Amino acid sequence: MSIVIKQREPSRLPSKADAEFDRISNLPGHVIDQILSRLPIRDAVRSSVLSRKWRYKWATIPCLVFDNHCFNFSSQDQSFIKNKLVNIIDHVLLLHNGPIHKFKLSHRDLLGVTDIDRWILCISRSSIKEVVLEIWKGQRYKPPSCLFNCQNLIHLELFNCLLKPPLMFKGFKNLKSLDLQHITITQDVFEKLISSCPSLERLTLMNFTGVTHLIIDAPNLQFFDIGGIFEDVSFLNTVHLSLVSIGLYVNIDNEENGAQDNASKLLRFFVNLPHIRRLEIQSYFLKYLAMGYVPSRLPNLCVDLNHLSIRIDFDDLEENTAALCLLRSCPNLQELEMLARPEEQSSMERSTNFWEDDHWSSLFAHLRLVKVSGISGVKSEMDFIKFLLSNSPVLEQLTVKPASQEGEWELMKELLRFRRASIYAEVIYLDP
Amino acid sequence: MSEVDMAVIKPEMMKSYIWLQTADGSIQQVEQEVAMFCPMICHEVIQKGMGSSKNYAISLPQRVNPAMLSLILDYCRFHQVPGRSNKERKSFDEKFIRMDTKRLCELTSAADSLQLKPLVDLTSRALARIIEGKSPEEIREIFHLPDDLTEEEKLEPLKNTTDDPRIRLLNRLYAKKRKELKERQKLKNIEVEEERVDDRSVDDLLSFINGDNGDSKGIKNSKSKKKNRRRKDQQKNTSANEAIKNHNKEPNGLNQVCHSAEVGQKVRAGVGATSNLHDVEDDIFDNKNELDDGDIDDEIDPALKEKIDREVEDFARRLNSDWPERMQEILSFGHERKPVHFSLNGNGSLRRYANSEQR
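Residues numbered from 1 in each chain as written. Chains lettered and ligands numbered in written order. Predicted model: local features only at pLDDT ≥ 70, side-chain atom pairs only at ≥ 80, totals over all residues. Heavy atoms only, no water.

Attention now moves to the overall build of chain A. Counting its regular elements, chain A contains 11 helices and 16 strands. In chain A, which comprises 432 residues, the share counted as buried stands at 48%. Within chain A, contacts between residues at least 6 apart in sequence are counted, and of these 66% link residues at least 24 apart. Carbon together with sulfur atoms contributes 52% to the accessible area of chain A, which is approximately 20900 Å² in total. (Helix = DSSP H or I, 4+ residues; strand = E, 2+ residues; numbered from the N terminus. Buried < 20%, exposed > 50% of the residue type's maximum accessible area, 1.4 Å probe, protein only. Contact = heavy atoms within 4.5 Å. Areas by Shrake-Rupley, 256 points an atom, 1.4 Å probe, with all protein chains shown as cover.)

In structure tokens form, the structure reads like this:
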């Protein structure tokens, strides 16, 4: 039997020293939960040694975050760290008491698949609302099917995972925000996932494998941010979409595709984005939009669009045409950002006089802020800036940032000469 | 024009006020738009029609005393104005939250009872910032928490609510480990007196192992699971035994030498030695018992077990390597009164420095 356990220190009754009233321990449970949730998990659990009342207060915190900040191990031994980490997470989950609303696992060290499976099973039993899983090392992690049973999920964030829901998966009814980065997912699964989450408002998709045609059928979608390699993007039923940021990370060859498909990508893209407010066209996406027929102006103007950011090669005729079409189609544009794409081959021969021509029947009536970056002072770029300055009567600020210090002086000298339609315009030159 | 401007232009009696009563009985009137910022007050006004006159003042919850009410109203007065930018609000919040911890707790409580969620969020964040990164002692000091947990309970914060005997055993293992670590600390910075504790502990180990083998066997027999423990004990015994083996002949001689070696400290040696002897013996005895108990459950933490095993072997090794040198020194120094200092060198083994060598 336990003979020798004597108390090393006698317990102290509240003495005169504790005459000052303890005002924190008797705060309502949900308030204590809030306070403890804002601490790193380590500090939160350590609160159990403060006093008798605090022993199990941590066990009801709704938010469990296990990342690199919660443990500080001085050991370099990988397996030691891993064992300790697994031990700690097991202990916390085992002794936790109450619903878990948020679970985040983002530790840089390699974790065992069975361990992570076990933890996900545990949290899937407790009406979890937010799951963030960042698998930093190892191959794509495949979450177990219990994750797809979490019908209370509102936010799901996965990094370096392979998504393969079970066949009976009917979607997440309450999911509002989905963030998938470095994932593998098949075309069907992706389409089904998006269309079966009717409440989806935010979608982020970066570096994905397995999906080539992005078909977005999400009636409540407001925020859409993707970057990766794909062939096609089309929006069905996305009237509320107001922020779109798309990056196509592969250079498509216009000649190859132009022959078969004359349908205008530009028209198709905008047909279901009536209320778009912010649009970012990154990497090579403008090239994609320039494929097929490009009208001089979109049939339905984007009246709500007030921020436009375009990555463009100023020497490419198709891209310039597409950009001009866009600029003409957003009469209420307030902020414009043009980023020059650094091309590998120098395109002296292809330099156009595109922006020299007078394209305008209407002016940039609301344009206030413009930023032009990554330029090197070639004619097409300077033409564009000149064009911009002379057509923006309410311009407040034009910021110019070159790609390198080469030709800086020439660039600045030219900049100085340009006429400005707006008397308030500041032209700010930033160092490269 | 902002609402504030309108209020100035309008005659005073056109402005509507809400009457509030705090738990101490005092009644005050507050501008309607300010008071209605609190959901609880809003509810009382709209659902129950209270607050329109002095007789029908809204009784505020007990947790809201006049001082706190005044603070809360300041907060509401600022934030209910619609035109403010996020930056302004944030800046106000930062300044607003600067108060002593006591008031912060009271404010949290009061804001919660009025269901003013943004203020509760703000104060919770502030309290979390205060708690973060501090040691338990500091936190207790700041919030005046009683230190009413036993040391053992502190060692095992993840104690199981059902009081699982396995977890209790784990507690003991942790307690034992803590003591071992303390002892190692002592070994690292050794002065003369503690040097003698070393000697004693060696002696004690010796006598304890030789003498106690019978006892521990007795204890072993009383437990159900014997196998694992016996194996483990034997392992530990052997390593300790190895350390002591070479010096079995010496203990008594050494004691005497120690006594004579330090002139002027004989008396203390005699007295101190005895008390040290008992303490250390107790410690080791307890260690041994707890070791027995702890061994019952090997599955609890094999990594921890290994670590403790390693530590014991390390300790034994250090003693082993040190004995010949120390013996020589003590025998040769005779009457010299040089204090002998020990410190750890790079690879963790103890080395002696006589005074002159010390940096």
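Here the narrative resumes.
The next point concerns the pairing of strand S4 (residues 155-162) of chain A. All names here are of chain A. For S4, the tally of buried residues reaches seven of eight residues, placing the bulk of the element in the interior. Summarising the sheet, strand S3 (residues 130-134) and S4 pair through five bridges and their orientation is parallel. Residue pairing for S4: Val131 is matched across the bridge by Leu156. Pairing of S4 with strand S5 (residues 177-184) involves seven bridges; the strand directions are parallel. Within the sheet, the bridge partner assigned to Leu158 lies in S5 and is Leu180. (Pairing = 2+ DSSP bridges.)

This next bit is on the packing of aromatic side chains. Residues and elements named next belong to chain A. For the structure shown, the criterion picks out 19 aromatic pairs over all chains. Between Phe314 and Phe384 the ring centres are 5.2 Å apart and the planes differ by 40°, which places this aromatic pair in the tilted class. Separated by 70 residues along the polypeptide, Phe314 in the loop between strand S12 (307-312) and helix H9 (317-328) and Phe384 in helix H10 (residues 379-390) bring together distant segments of the chain. With relative accessibility at 2%, the residue Phe314 sits in the buried group. Using a relative accessible area of 0% as the deciding quantity, one classes Phe384 as buried. Ring centres 6.1 Å apart and planes at 45° place the aromatic pair Phe384 and Phe387 in the tilted group. Taken as a pair, Phe384 and Phe387 lie in helix H10 at a separation of three residues, close to a single helical turn. In this structure, Phe384 and Phe387 share a single accessibility class: buried. A connected cluster of aromatic rings, assembled from ring pairs, spans Phe208, Phe224, Phe230, Phe235, Phe269, Phe270, Phe285 and Tyr288. Geometry around Trp54 places Lys57 over its ring, the cationic atom sitting 5.6 Å from the centre. A cation over an aromatic ring shows up here: Arg108 above the ring of Trp136, its NZ or CZ 4.0 Å from the ring centre. (Phe/Tyr/Trp six-rings, centres within 6.5 Å; stacked < 30°, edge-to-face > 60°. Lys NZ or Arg CZ within 6 Å of the ring centre and 35° of its normal.)

Our next topic: the environment of Gln222 of chain A. Residue and element names in this part refer to chain A. If you trace the backbone, Gln222 turns up in the loop between strand S7 (213-217) and strand S8 (223-228). Between the alpha carbons of Gln222 and Thr238 there is a distance of 8.1 Å; along the sequence they are 16 residues apart. Here Gln222 is in contact with Glu201, His240, Leu241, Ser242 and Leu243, once residues within four sequence places are set aside.

Looking now at the pattern of salt bridges. Within the structure shown, the criterion is met by 17 salt bridges over all chains. When the shortest N-O distance is used, the salt bridge between Glu44 of chain B and Lys48 of chain B registers 3.2 Å. In this pair, Glu44 of chain B and Lys48 of chain B are both assigned in helix H3 (residues 39-48), four residues apart and thus about one turn of the helix distant. The class for Glu44 of chain B is buried, based on a relative accessible area of 12%. Judged by its relative accessible area of 53%, Lys48 of chain B is exposed. Residues Arg77 of chain B and Asp74 of chain B are paired through a salt bridge, measuring 3.4 Å at the closest nitrogen-oxygen approach. Taken together, the positions of Arg77 of chain B and Asp74 of chain B, both in helix H4 (residues 66-79) and three residues apart, correspond to about one turn of that helix. Residue class for Arg77 of chain B comes out partly exposed when judged on its relative accessible area of 34%. Because the salt bridges share partners, they merge into one network encompassing Arg38 of chain A together with Lys117 and Asp121 of chain B. (Salt bridge = Lys/Arg side-chain N within 4 Å of Asp/Glu carboxyl O.)

With that settled, consider the packing of helix H1 (residues 29-37) of chain A against helix H7 (residues 117-131) of chain B. At a minimum axis separation of 8 Å, H1 of chain A and H7 of chain B run at an interaxial angle of 50°. On the basis of their axis angle, the class for H1 of chain A and H7 of chain B is oblique. Considering how the two elements wind past one another, H1 of chain A and H7 of chain B form a crossing that is right-handed. The residues of H7 of chain B that touch H1 of chain A, namely those facing Val31, Gln34 and Ile35 of chain A, are Lys117, Val120, Asp121, Ser124, Leu127, Ala128 and Ile131 of chain B. Taken together, the residues of the contact of H1 of chain A with H7 of chain B break down into six nonpolar, two polar and two charged. (Axes fitted to C-alpha atoms, helices over the stretch in contact; angles between N-to-C directions. Parallel < 35°, antiparallel > 145°, perpendicular 65-115°, else oblique. Left-handed = near helix turned anticlockwise from the far one by under 90°. Nonpolar A, V, L, I, M, F, W, Y, C, P; charged D, E, K, R; others polar.)

With that out of the way, let us pick up unusual backbone geometry. Residues and elements named next belong to chain A. Here the phi dihedral of Asn160 falls at roughly 65°; this positive angle occurs in a residue that is not glycine. As for its placement among the helices and strands, Asn160 is situated in strand S4. We classify Asn160 as buried; its relative accessible area is 10%. One non-glycine residue, Asn237, lies in the positive phi region at around 60°. Here Asn237 lies in the loop between strand S9 (232-236) and strand S10 (243-248).

It is worth spelling out the UniProt feature "domain: F-box" (unreviewed entry) in chain A at this point. In the UniProt entry, the feature "domain: F-box" (unreviewed entry) is given for residues 21-55 of chain A. The span residues 21-55 of chain A carries 43% helix and 0% strand; its end-to-end C-alpha distance comes to 19 Å. (UniProt positions renumbered as here; feature names shortened; annotations may be inferred.)

Another aspect to go through is a nonpolar patch on the surface. Residue and element names in this part refer to chain A. Residues Ile229, Tyr249 and Val250 make up a contiguous nonpolar surface patch of roughly 250 Å² in combined accessible area. Topologically, Tyr249 is positioned in the loop between S10 and helix H6 (254-258). For Tyr249, a relative accessible area of 37% corresponds to the partly exposed category. (Patch = residues over 30% accessible without salt bridge, like charges linked within 9 Å, V, L, I, M, F, W, Y side chains within 5 Å.)

Next up on the list: the pairing of strand S2 (residues 102-106) of chain A. Residue and element names in this part refer to chain A. Of the strand pairs in this sheet, strand S1 (residues 63-67) and S2 are connected by five bridges, and their pairing is parallel. Bridge pairing in S2 places Phe66 opposite Leu105. Bridge count for S2 against S3 is four bridges, and the pairing is parallel. Across the sheet, Lys104 pairs through a bridge with Val132, a residue of S3. In this region the chain leaves S2, passes through helix H4 (residues 113-124) and returns to the parallel neighbour S3; the handedness of that crossover is right-handed. (Right-handed = clockwise from strand over helix to strand, strands pointing away.)

Let us look at the environment of Met382 of chain A. All names here are of chain A. Looking at the secondary structure, you find Met382 in helix H10. Residues Met382 and Leu411, 29 residues apart in the sequence, show an inter-C-alpha distance of 8.1 Å. Residues in contact with Met382, not counting those within four places in the same chain, are Gly377, Leu411, Glu414, Leu415 and Phe418.

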